Amino acid sequence: MVMKVAALSGSLRAGSMTTQMRNTLPELAPEGMAIEMVEIHDLPLFNEDLREDGKAPAPVTRLCEALAGADGIVLCSPEYNRSVPGVLKNATDWASTDQSAPLKAKPMVVLTQSVGTRGGNMSHYAWRQILSAIGADVVVGPDVSIGPMADKLEDGRLVEEEARSLIARQLELLAGKIAAAAD
Ligand SMILES: Cc1cc2nc3c(=O)[nH]c(=O)nc-3n(C[C@H](O)[C@H](O)[C@H](O)COP(=O)(O)O)c2cc1C
């Protein structure tokens, strides 16, 4: 069985280090895990009035279908002002209020990065609080907050070995959770 894992980045800019980390995940995934990049650039700002007769705007439906169809999710996030970036919080707010509840009990991993040495660890803990409210099944274990990220990237990829092995371990733990949920 191939495990499908959706990977989201919490930064929309073209040169985003978070997105470079996210885009390296296929190299780090264990055998049998397929990483699907899910983009959030086109989501409107959360507003329940945009659901007409219960029907969400098309980008929201696309997001929720991609999340619902995934066996697991990896949230890759920068830290903004000691917390989470609005664009990714916006995506989780849409998903958490969708009828399909695509994040509920979903095996998930959070990876944060930053230009600073703490690797966005306050964002990491803010995500844990948010995802606990949503009822996601987040991997507990070594918290992966990587920094300073700029030193660890080359040609759009995460190349630093320690960071790569920390992420590979998280993906193994995610695979274990997905397998356990399927039993
Ligand atoms: C609005 C804003 C707030 C930020 N706040 C923090 C912060 O609280 N802690 C931190 O380590 N870095 C902070 N940074 C720096 C980010 O770590 C850095 O810009 C990083 O490259 C953003 O991720 P990206 O490359 O994926 O866009 C902030 C950046 C922005 C734009």
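One structure accompanies this document, and this report is about it.

Definitions and cut-offs
Residues numbered from 1 in each chain as written. Predicted model: local features only at pLDDT ≥ 70, side-chain atom pairs only at ≥ 80, totals over all residues. Heavy atoms only, no water. Helix = DSSP H or I, 4+ residues; strand = E, 2+ residues; numbered from the N terminus. Rg over C-alpha atoms; globule rule 2.2 N^0.38 Å. Buried < 20%, exposed > 50% of the residue type's maximum accessible area, 1.4 Å probe, protein only. Areas by Shrake-Rupley, 256 points an atom, 1.4 Å probe, with all protein chains shown as cover. Lys, Arg positive; Asp, Glu negative; His and termini not counted. Charge placed at Lys NZ, Arg CZ, Asp CG, Glu CD. Contact = heavy atoms within 4.5 Å. Disulfide = S-S within 2.5 Å. Phe/Tyr/Trp six-rings, centres within 6.5 Å; stacked < 30°, edge-to-face > 60°.

**Some thoughts on the overall build of the protein**
Scanning the protein from terminus to terminus reveals 6 helices and 8 strands. Listing each helix as α and each strand as β along the protein from the N terminus yields β-α-α-β-α-β-α-β-α-β-β-β-β-α. Here the C-alpha atoms of the protein give a radius of gyration of 16 Å, agreeing with the 16 Å that 2.2 N^0.38 yields for 183 residues. Across its three principal directions, the C-alpha atoms of the protein cover 50 × 40 × 30 Å. Going through the 183 residues of the protein one by one, you find that 49% of them count as buried. Of the roughly 8800 Å² of accessible surface on the protein, a fraction of 50% belongs to carbon and sulfur atoms. Across the protein, 17 positive and 24 negative side-chain charges occur, with their mean positions spaced 3 Å apart.

**Remarks on the side chain of threonine 112**
Along the polypeptide, threonine 112 turns up in strand 4 (residues 107-113). Beyond its immediate sequence surroundings of up to four residues, threonine 112 is in contact with Met21, Ser77, Gly119, Gly120, Asn121, Ser123, His124, Val144, Ser145 and Ile146.

**Section: unusual backbone geometry**
Of note, the amide linkage connecting glycine 147 to proline 148 takes the cis form, showing an omega dihedral of -10°. In this fold, proline 148 is placed in the loop between strand 6 (144-146) and strand 7 (153-154). With a phi angle near 50°, asparagine 81 is a residue other than glycine that sits in the positive phi range. Position of asparagine 81 relative to the elements: it lies in the loop between strand 3 (72-77) and helix 4 (86-96). Taking the relative accessible area as the measure of exposure, asparagine 81 reaches 78% and is therefore exposed.

**Some points on the state of the cysteines**
Within the structure shown, the criterion is met by 0 disulfides. As a non-bridged cysteine, cysteine 64 has cysteine 76 as the owner of its nearest cysteine sulfur, 19 Å distant. For cysteine 64, a relative accessible area of 3% corresponds to the buried category.

**Observations concerning the packing of aromatic side chains**
Tallied over the entire structure, the rule returns 1 aromatic pair. Both rings, one in phenylalanine 46 and one in tryptophan 94, keep their centres 4.9 Å apart while their planes meet at 70°; by these two values the pair is edge-to-face. Of this pair, phenylalanine 46 sits in the loop between strand 2 (33-37) and helix 3 (58-68) while tryptophan 94 sits in helix 4, and the two are 48 residues apart along the sequence. We classify tryptophan 94 as buried; its relative accessible area is 0%.

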